[in-house]
There are 2 protein chains.
Amino acid sequence: MNVKNIRIKDIAQLAGVSVGTVDRVLHNRGRVSEDALKKVLAVLDQIDYKPNLIARTLGANKTYRIAALMPNPDQDPYWASSKSGISQAEAEWLRYGVTVQSYFFNLYEKDSFKEVAEAVTKDRPDGILVAPIFYHETLPFFEQFKQEGIPYVLFNTNIPEVDPLSFIGQNLFQSGKLGAELMHLAQNGESGMLAVLHINEDLGNSVHLAEKEKGFREYFLEKNHSGYNITTHNLYNPNEPTFEKELSALLDQPALKGIFVSTSKATYIVASYLEKLQRNNIKLIGYDMLQENIRYMKKGVINFLINQNPKRQAFLGINHLVGYLILRKEAPANELLPLEIISKENLDSYLSSGIH
Amino acid sequence: MNVKNIRIKDIAQLAGVSVGTVDRVLHNRGRVSEDALKKVLAVLDQIDYKPNLIARTLGANKTYRIAALMPNPDQDPYWASSKSGISQAEAEWLRYGVTVQSYFFNLYEKDSFKEVAEAVTKDRPDGILVAPIFYHETLPFFEQFKQEGIPYVLFNTNIPEVDPLSFIGQNLFQSGKLGAELMHLAQNGESGMLAVLHINEDLGNSVHLAEKEKGFREYFLEKNHSGYNITTHNLYNPNEPTFEKELSALLDQPALKGIFVSTSKATYIVASYLEKLQRNNIKLIGYDMLQENIRYMKKGVINFLINQNPKRQAFLGINHLVGYLILRKEAPANELLPLEIISKENLDSYLSSGIH
DNA sequence: TTGTACGCGTTATCAA
DNA sequence: TTGATAACGCGTACAA
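Residues numbered from 1 in each chain as written. Chains lettered and ligands numbered in written order. Predicted model: local features only at pLDDT ≥ 70, side-chain atom pairs only at ≥ 80, totals over all residues. Heavy atoms only, no water.

(A) Looking closely at the overall build of chain A. When helices and strands are tallied, chain A shows 14 helices and twelve strands. For chain A, the spread of C-alpha atoms along the principal axes amounts to about 85 × 50 × 35 Å. Considering chain A as a whole, with its 356 residues, one finds that 53% of them fall into the buried category. For chain A, contacts bridging at least 24 residues in sequence account for 71% of all contacts bridging at least 6. Taking the average place of the 38 positive charges on the side chains of chain A and the average place of its 41 negative ones, the gap between the two points comes to 7 Å. (Helix = DSSP H or I, 4+ residues; strand = E, 2+ residues; numbered from the N terminus. Buried < 20%, exposed > 50% of the residue type's maximum accessible area, 1.4 Å probe, protein only. Contact = heavy atoms within 4.5 Å. Lys, Arg positive; Asp, Glu negative; His and termini not counted. Charge placed at Lys NZ, Arg CZ, Asp CG, Glu CD.)

(B) View of the nonpolar core. Formed by 64 residues in total, the largest nonpolar core has its most connected members in Ile259 of chain A together with Ile259 of chain B. The contact partners of Ile259 of chain A, leaving out residues within four places of it in the chain, are Met183, Ala195, Leu197, Leu251, Val270, Ile282, Lys283, Leu284 and Ile285 of chain A. (Core = buried A, V, L, I, M, F, W, Y, C linked by side-chain atoms within 4.5 Å.)

(C) Expanded view of the sheet that holds strand β7 (residues 229-235) of chain B. Residues and elements named next belong to chain B. Strand order in the open sheet formed by six strands is β7-β6-β8-β9-β10-β12, and the pairing between neighbours is mixed. Two strands in the sheet have a free side with no partner beyond their single neighbour: β7 and β12 (340-342). Between one strand axis and the next, the sheet turns through 20° on average, direction left out of account. With three bridges connecting them, strand β9 (residues 283-287) and strand β10 (residues 304-307) associate as parallel partners. Along β10, the bridge assignment pairs Tyr287 with Ile306. (Pairing = 2+ DSSP bridges. Axes fitted to C-alpha atoms, helices over the stretch in contact; angles between N-to-C directions.)

(D) Local environment of the domain arrangement of chain A. Residue and element names in this part refer to chain A. In terms of domains, chain A is made up of domain 1 (3-50), domain 2 (64-169 + 310-337) and domain 3 (172-307). Each of domain 2 and domain 3 was reduced to a C-alpha centroid, and the two centroids are 29 Å apart. With twelve residues of domain 2 in contact, the opposing surface of domain 3 contributes eleven residues. Counting the surface lost from both domain 2 and domain 3, the interface buries some 860 Å², and carbon and sulfur atoms represent 58% of this. Connecting domain 2 to domain 3 are zero salt bridges. Taken together, the links from domain 2 to domain 3 amount to one residue pair in polar contact (both at pLDDT 80 or more). Here the element with the most residues in the side of domain 2 that touches domain 3 is helix α5 (residues 77-93); it accounts for three residues. Partitioned by chemical class, the residues of the side of domain 2 that touches domain 3 number seven nonpolar, four polar and one charged. (Domains from an automatic or database assignment. Buried area = accessible area lost by both parts, 1.4 Å probe. Salt bridge = Lys/Arg side-chain N within 4 Å of Asp/Glu carboxyl O. Polar contact = N/O pair within 3.5 Å; in protein donor to acceptor, adjacent residues only side chain to side chain. Nonpolar A, V, L, I, M, F, W, Y, C, P; charged D, E, K, R; others polar.)

(E) A look at the relation of the copies chain A and chain B. Overlay of chain A on chain B (RMSD 0.9 Å): rotation 179°, translation along the axis 0.5 Å. The relationship between the two copies is best expressed as a two-fold rotation axis. Closest to the rotation axis within chain A is the C-alpha of Asn188 of chain A, separated from it by 2.3 Å. (Least-squares fit on C-alpha atoms with pLDDT ≥ 70 in both.)

(F) Structural context of the protein's contact with DNA strand C. What surrounds DNA strand C is a group of 25 residues, the closest being Tyr49 and Arg56 of chain A together with Thr21, Ser33 and Gly59 of chain B. When the atoms of DNA strand C within 4 Å of the protein are grouped by moiety, sugar and phosphate amount to 73% of the total. With respect to DNA strand C, the backbone of Ala55 of chain A contributes an N or O atom lying 3.4 Å from a base nitrogen. Elements represented by at least two residues in the surface near DNA strand C include exactly α4 (53-60) of chain A together with α2 (19-26) and α4 (53-60) of chain B. (Near = heavy atom within 4 Å.)

(G) Spatial organisation of the pairing of strand β4 (residues 152-155) of chain A. Residues and elements named next belong to chain A. Of the two faces of β4, the one carrying Tyr152 and Leu154 and the one carrying Val153 and Phe155 are both buried. Two elements, strand β3 (residues 127-130) and β4, share three bridges in a ladder whose sense is parallel. Looking at β4, one finds that Val130 is bridged to Leu154. Regarding topology, helix α7 (residues 135-148) serves as the crossover connection from β3 to the parallel β4, and that connection is right-handed. In terms of strand pairing, β4 meets strand β5 (residues 166-169) through three bridges, oriented parallel. Bridge assignment links Val153 to a residue of β5, and that residue is Ser166. (Right-handed = clockwise from strand over helix to strand, strands pointing away.)

(H) Up close: helix α11 (residues 264-276) of chain B. Residue and element names in this part refer to chain B. Across its 13 residues, α11 extends 19 Å between first and last C-alpha, which sits within 8% of the 18 Å expected from 1.5 Å per residue. With ten of its 13 residues buried, α11 lies for the most part within the structure. What α11 keeps buried is the set Ser264, Lys265, Ala266, Thr267, Tyr268, Ile269, Val270, Ala271, Tyr273 and Leu274. Positive backbone phi, at 55°, marks Gln278, one or two positions downstream of α11. (Expected span 1.5 Å × (residues − 1).)

(I) Examining the interface of chain A and chain B more closely. Each partner contributes residues to the interface: chain A has 42 residues there, and chain B has 41 residues. Surface buried jointly by chain A and chain B totals about 3,800 Å² across both partners, of which 59% is contributed by carbon and sulfur atoms. Interface area lost by chain A to chain B is led by Ile54, Arg95 and Glu345 of chain A, which between them contribute 19%. One can count 13 residue pairs in polar contact (both at pLDDT 80 or more) joining chain A with chain B. Those elements that place two or more of their residues in the side of chain A that touches chain B are α4, α8 (172-186), β12 (340-342) and α14 (347-353) of chain A.

(J) Spatial organisation of the pattern of salt bridges. Enumeration according to the criterion identifies 22 salt bridges over all chains in this entry. Taking the shortest distance from any N to any O, the salt bridge between Asp10 of chain A and Arg7 of chain A comes out at 3.0 Å. Take Arg7 of chain A: its relative accessible area is 44%, and that puts it in the partly exposed class. Between Glu292 of chain A and Arg295 of chain A there is a salt bridge, and its shortest N-O distance comes to 3.0 Å. In this pair, Glu292 of chain A and Arg295 of chain A both sit in helix α12 (residues 291-299), three residues apart, roughly one turn of the helix. One continuous salt-bridge network, built from bridges that share partners, spans Lys177 and Glu222 of chain A together with Glu345 of chain B.

(K) Region of interest: the protein's contact with DNA strand D. With respect to spatial proximity, 23 residues lie near DNA strand D, and among them Thr21, Ser33 and Gly59 of chain A together with Tyr49 and Arg56 of chain B are the closest. Atoms of DNA strand D within 4 Å of the protein belong to the sugar or the phosphate in 75% of instances, the rest to bases. The separation between a phosphate oxygen of DNA strand D and a polar side-chain atom of Thr21 of chain A is 2.8 Å. Of all elements in the fold, only α2 (19-26) and α4 of chain A together with α4 of chain B reach the threshold of two or more residues within the surface near DNA strand D. Considered class by class, the residues forming the surface near DNA strand D number nine nonpolar, eight polar and six charged.

(L) Expanded view of unusual backbone geometry. Its identity as a non-glycine residue notwithstanding, Asn156 of chain A has a phi of 75°, on the positive side. Take Asn156 of chain A: it is sitting in the loop between β4 and β5. Even without being a glycine, Asp163 of chain B presents a positive backbone phi close to 55°. Relative to the helices and strands, Asp163 of chain B resides in the loop between β4 (152-155) and β5 (166-169). Exposure remark for Asp163 of chain B: the relative accessible area of 53% places this residue in the exposed category.

Here you go:
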């Protein structure tokens, strides 16, 4: 095997032109005569030229600005995880001239999203990573980004219609099915009442949550487990006095055997009530390895967590953008992360491996 | 924030010396006067110099040869997975002058290991990745590698005494505990007889397997689940006629409710017997997403798999070596991969994400 | 002991 | 339209 790679210099020599001409042909920069073009293309046709990306980044000496558009991490620890993934990717690429500017919008205000998205548009970054949790508000911006030729990557929530460079997330329907499988296991063969619980603080998320619920119900339909009685409960702002009343009413039902919670923050909120009310016979299944969730899992209040890997989602998002910008690498159109099951006994192995 | 990184040139300017001197200080090459040393160190103390690795690799223009020393992938699909991880890493680094030469030894013959390891020693690679499944046979070689200053990384099996650059694997004790937790769940609250089954084809593995068993038993001890009766079964070559007899004898016991199998290949062997004997009330828990295991899981014969991620283990091993050789990056002394739980409902999400 | 100068492969600039 | 050449930052050979 010939290890030595073919250089632009070699192509130039073979074609009988200069490196400058080859470069212009390779990058369609124009200003090349018919004659020279033909000669270079003939050589390129024969050999498989693979640019040395190391040399390219060094030579180009460009700096790239990436904009990360996401909910304010202070409003929800889930988004704090995402943020840390962005920071990690940023640290890794900083020395290669990549900077990431974060733009936070208010999780509960659509107008805040618009405002911030306009700021991004104005700043004209080289690439954009965005968690598009508000469907309608986001669409016009992608139209604009596309027109300006700025590549954008979506994470957490997909909007296939806007044709992003890449989407990173999970299969939500399957996630719900997995939640159901785990619930079924946790029930130890007994039957009874199961609750699907959404705490829908930001309304942008409702499609997200509905998809998980569909999967959850589908599992029991397929299996024909008619012994279970599944109810749905929508709660909103945990700070409202009605919240506690409604949740307590649910938890007080003696027949209730399990709760599937559709978001990560909601998981530890419900866990705290379960603990307070001493309802330790109710199995709880929720999302993500947030610090509070880890605590309740170790105590045995939470039975299973499904890891959505928010940190990794955002990390990969930045990486895909950088790969595309610097290394001209195509990103996968859909990167669906595995649905990781976290239980008491493998929790530590996830914590120490530091990827979560 | 100052985006531009500090270059050697900058340090030289600040210290009032030349780049050559700075370089000699940075790499302890000697031939530097007390005075100059002090000046440079003073500057280095103030600022956080991070070399541009891109420039370094470009300038070095070296080629590195890595040797991968592992069992023959044709003898066991588990090792075929490892091999594919090596190939993937190789493809990724080929253009940067890294080549990987694989050396396969016979899984069942210690002498074969010696032979191949000698070949590696003779070839004097720049780095070595090895799965040291034979303890005694491996030790002298590491002694030699250490003397020659060739860095080596271990995967799959750890031998801390040889002080490798890095070990990549899992916590086997905890892996067994997780197996027990899953078994307990799968039992649906019933009690009965549980079997721990080892198929110990290559004897090098026995410590490995014992560790998993210890964890498995520890779980039930901690939980005080006295309802279970746990037995251990050691089988050897599946091709011997006694094998089928012994295994059938075990499976014929009506009280048997679950089997925990300690290796990946053994998992689908047991699954095939369970299917043939129609013992579908016996819960089966084993290891790894081998093709056959995936098939039996989809059929419902295997209840849970614990993913040891053989592909990723090997992939990371090569990456750590490359990182150390090219980028002078310290590899983690112990990289313990998370214990991934695979069930029917998250199987596809792992398959499609392509990391397994 | 020190500093200068060149090469790595690519991109970008500029004079011809 | 072309080709020669200077960056990019690091490592290193070599001359002083």
